[in-house]
Amino acid sequence: MWKIQLFKLNFDQRELKAVSETVEGGWLTMGERIIAFETAFNGFLNSGAISTAVSSGTAALHMALLALNVGPNDEVIIPALTFIADANVVRMVGARPILADCASLSDWNLSAESIGRRITPRTKAVIVVHYAGFPCDMAPILKLCKDRGIRVIEDVAHAPGASIGRQLCGTFGEISCFSFFSNKNLSIGEGGMVVTRDAALSQRLCYLRSHGMTTLTLDRHKGRAITYDVAEPGLNYRMDEMRAAIGLVQLEKLPAGNARRKALTNLYRHNLQGSLVTIPFDHLAIDIVSAFHILPVLLPTGCDRLAVIEALKAKGVQSSIHYPPFWSFSAYQGMFDPADAPLTAEICRRELTLPLYPTMTDAEVDYVTNALLEALL
Ligand SMILES: Cc1ncc(COP(=O)(O)O)c(C=O)c1O
């Protein structure tokens, strides 16, 4: 249907082989491939990180809140501009999501200032999101939260491979949550990783992942255990072996994939320079590396976004919106005041996401930008 779709998987024979070898191996879940994927992820993050593979990014976020004992009467500050999972998980543990605004119309991440404005005596945690793969300015955020005794959870769904001064996103927060959903930089279908550098927290996360059980089916299969204890109530947020096998291949492809995304983003910037369309996060400091997860643009003020989407569609170009505002959702009516996040409200009205994926060609970027500029004439 689409000439150029929003996202395409970066898969080849290697993923296929990884899955078929797993199936032939006869062990489908929580086996050697999970251990290998977690170990490889620890090596990738490289700062004492302990990774636990889980069934989704949302599961990781839910577990992070449970592990930090966030619950009723607590407030959790989240970005006003993010995917709904961040708000949903806060509500699922009985706490209250509090929206903080974007730093500016060119930096769509939270800042220490925007977080600071929303802190109350009930604030228990902050979930930061590295929107579009661009790292939040973590040093002042970490300092603010440390001074106020607030826990920091990183939502790294957009940002595997992003870094600040060589420190990778996912190693700043007390707990960090990755998503490996199909359209992410590291795609395995459904899956995620929950990461901490604290051994006690990691143990709790392992219990939360698998019913609070102290041994796994694999341990019993290998004769390492006969039975198990249940240390605390837990869930089933496990990942299976096929996904871990794909994850191992995708992790190897991540650096080249992110590099290609960067080159494509630069081409988008070049093509749209001088037009009325702007691309956020143009303040790349020398020590900041983005993961270039999506290509969001800000359309001109007063522009009819739906007409632009239709015009792109007529030319076979898929586009998307990241994100509709929370206050537009039925389940969130009356919970938030858009006046608390005016920049987000404006971005939500004018944002459009253009296609971006590692196998995209330069000619395809040219086609998309020409189609967009013509749509704006
Ligand atoms: C910022 C953000 N947080 C959380 C999630 C949830 O991840 P998952 O779909 O793996 O549950 C997503 C995925 O779309 C996301 O973009």
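Thresholds applied
Residues numbered from 1 in each chain as written. Predicted model: local features only at pLDDT ≥ 70, side-chain atom pairs only at ≥ 80, totals over all residues. Helix = DSSP H or I, 4+ residues; strand = E, 2+ residues; numbered from the N terminus. Rg over C-alpha atoms; globule rule 2.2 N^0.38 Å. Buried ≥ 20, exposed ≤ 12 C-beta atoms within 10 Å, placed from the backbone. Contact = placed C-beta atoms within 7 Å. Near = placed C-beta within 6 Å. Nonpolar A, V, L, I, M, F, W, Y, C, P; charged D, E, K, R; others polar. Axes fitted to C-alpha atoms, helices over the stretch in contact; angles between N-to-C directions. Left-handed = near helix turned anticlockwise from the far one by under 90°. Expected span 1.5 Å × (residues − 1). Bend = angle between axes of the 7 residues up to and from the residue. Pairing = 2+ DSSP bridges. Core = buried A, V, L, I, M, F, W, Y, C linked by C-beta atoms within 7 Å. Parallel < 35°, antiparallel > 145°, perpendicular 65-115°, else oblique. Domains from an automatic or database assignment. Arc of directions from axis to C-beta.

A. Here's a closer look at the overall build of the protein chain. Helix and strand counts for the protein chain stand at twelve helices and twelve strands. Relative to the globule expectation of 21 Å for 377 residues, the C-alpha radius of gyration of the protein chain, 21 Å, shows essentially globular dimensions. Across its three principal directions, the C-alpha atoms of the protein chain cover 70 × 55 × 40 Å. Taken over 377 residues, the protein chain has a buried fraction of 46%. At a minimum sequence separation of 6, the contacts of the protein chain that also span at least 24 residues come to 72%.

B. Spotlight on the site of the ligand. The full set close to the ligand counts 14 residues, and Ser56, Gly57, Thr58, Ala157 and Ser179 are the nearest of them. For the shell around the ligand, the secondary structure elements donating two or more residues are α3 (57-67) and α4 (85-92). Of the residues contributing to the shell around the ligand, the split by class is five nonpolar, seven polar and two charged.

C. Examining the packing of helix α1 (residues 13-25) against helix α9 (residues 241-272) more closely. Across the interface, α1 lies against α9 with an axial gap of 9 Å and an inter-helix angle of 150°. Note on packing geometry: the crossing formed by α1 with α9 is right-handed. Contacts between α1 and α9 involve Arg14, Glu15, Ala18, Val19 and Thr22 on the former and, on the latter, Glu241, Met242, Ala245, Ile246, Leu248 and Val249. Among the residues forming the contact of α1 with α9, the class breakdown is seven nonpolar, one polar and three charged.

D. Broad picture of α9. With 32 residues, α9 extends 43 Å between its outermost C-alpha atoms, agreeing within 8% with the 46 Å of an ideal straight helix rising 1.5 Å per residue. Along α9, the largest kink reaches about 45° and is centred on Leu254; proline Pro255 follows within four residues of it. At the exit of α9 stands Gly274, carrying a positive phi of roughly 85°.

E. Spatial organisation of the sheet that holds strand β7 (residues 167-168). The three strands are arranged β7-β6-β10 in an open sheet whose pairing can be described as antiparallel. Bordering the open sheet on either side are β7 and β10 (288-289), each of which pairs with just one other strand.

F. Representation of the nonpolar core in the model. Within the largest apolar cluster, 108 residues are counted, with the highest numbers of intra-cluster contacts made by Ala60, Met63, Ala64 and Val194. Among the elements that take part in this core, α3 stands out by supplying eight residues, more than any other. Among all residues touching Val194, those that are not within four sequence positions of it are Thr52, Val54, Ala60, Met63, Ala64, Ile175, Cys177 and Leu205.

G. Just the sheet that holds strand β2 (residues 75-79), in detail. Spatially, β1-β9-β8-β5-β4-β2-β3 is the arrangement adopted by the seven strands of the open sheet, whose pairing is mixed. Only two strands of the sheet have a single neighbouring strand rather than two, namely β1 (50-54) and β3 (96-100). Averaged over neighbouring strand pairs, the angle between their axes works out to 25° when direction is ignored. With five bridges connecting them, β1 and strand β9 (residues 192-196) associate as antiparallel partners. Note that in β9 the partner of Ser51 across the bridge is Val195.

H. Summary view of the packing of helix α10 (residues 305-314) against helix α12 (residues 362-375). Look at α10 against α12: their axes get within 9 Å of each other, and the N-to-C directions meet at 135°. Comparing their axes, α12 and α10 come out oblique. Here the hand of the crossing between α10 and α12 comes out right-handed. Of the residues in α12, those in contact with Val308, Ala311 and Leu312 of α10 are Ala371, Leu372 and Ala375. Grouping the constituent residues of the contact of α10 with α12 by class yields six nonpolar, no polar and no charged.

I. Focus on the domain arrangement of the protein chain. By domain assignment, the protein chain separates into domain 1 (13-251) and domain 2 (254-375). Here the C-alpha centre of domain 2 lies 25 Å away from the C-alpha centre of domain 1. On the side of domain 2, 28 residues touch domain 1, which itself brings 30 residues to the contact. Mapped by element, the contributors of at least two residues to the side of domain 1 that touches domain 2 are β6 (163-164) and α9. Class assignment for the residues of the side of domain 1 that touches domain 2 results in 18 nonpolar, ten polar and two charged.

J. Inspection of α12 at higher detail. Given a rise of 1.5 Å per residue, 14 residues ought to cover 20 Å, and the 20 Å separating the end C-alpha atoms of α12 matches this to within 8%. Listing the buried residues of α12 in full gives Val365, Val368, Thr369, Ala371, Leu372 and Ala375. Each buried residue of α12 lies within a common arc of 160° when the element is viewed along its axis, so the set occupies one face. For α12, the exposed residues lying more than 90 degrees away from the buried face are Asp362, Ala363 and Glu374. Along its buried surface, α12 packs onto α9, α10 and β12 (351-354).

K. Examining unusual backbone geometry more closely. Note the cis peptide between His322 and Tyr323, where omega equals 15°. Relative to the elements of secondary structure, Tyr323 occurs in the loop between α10 and α11 (342-350). With a phi angle near 55°, Asn46 is a residue other than glycine that sits in the positive phi range. Looking at the secondary structure, you find Asn46 in the loop between α2 (32-45) and β1. Judged by the 12 C-beta atoms lying within 10 Å of it, Asn46 falls in the exposed class.

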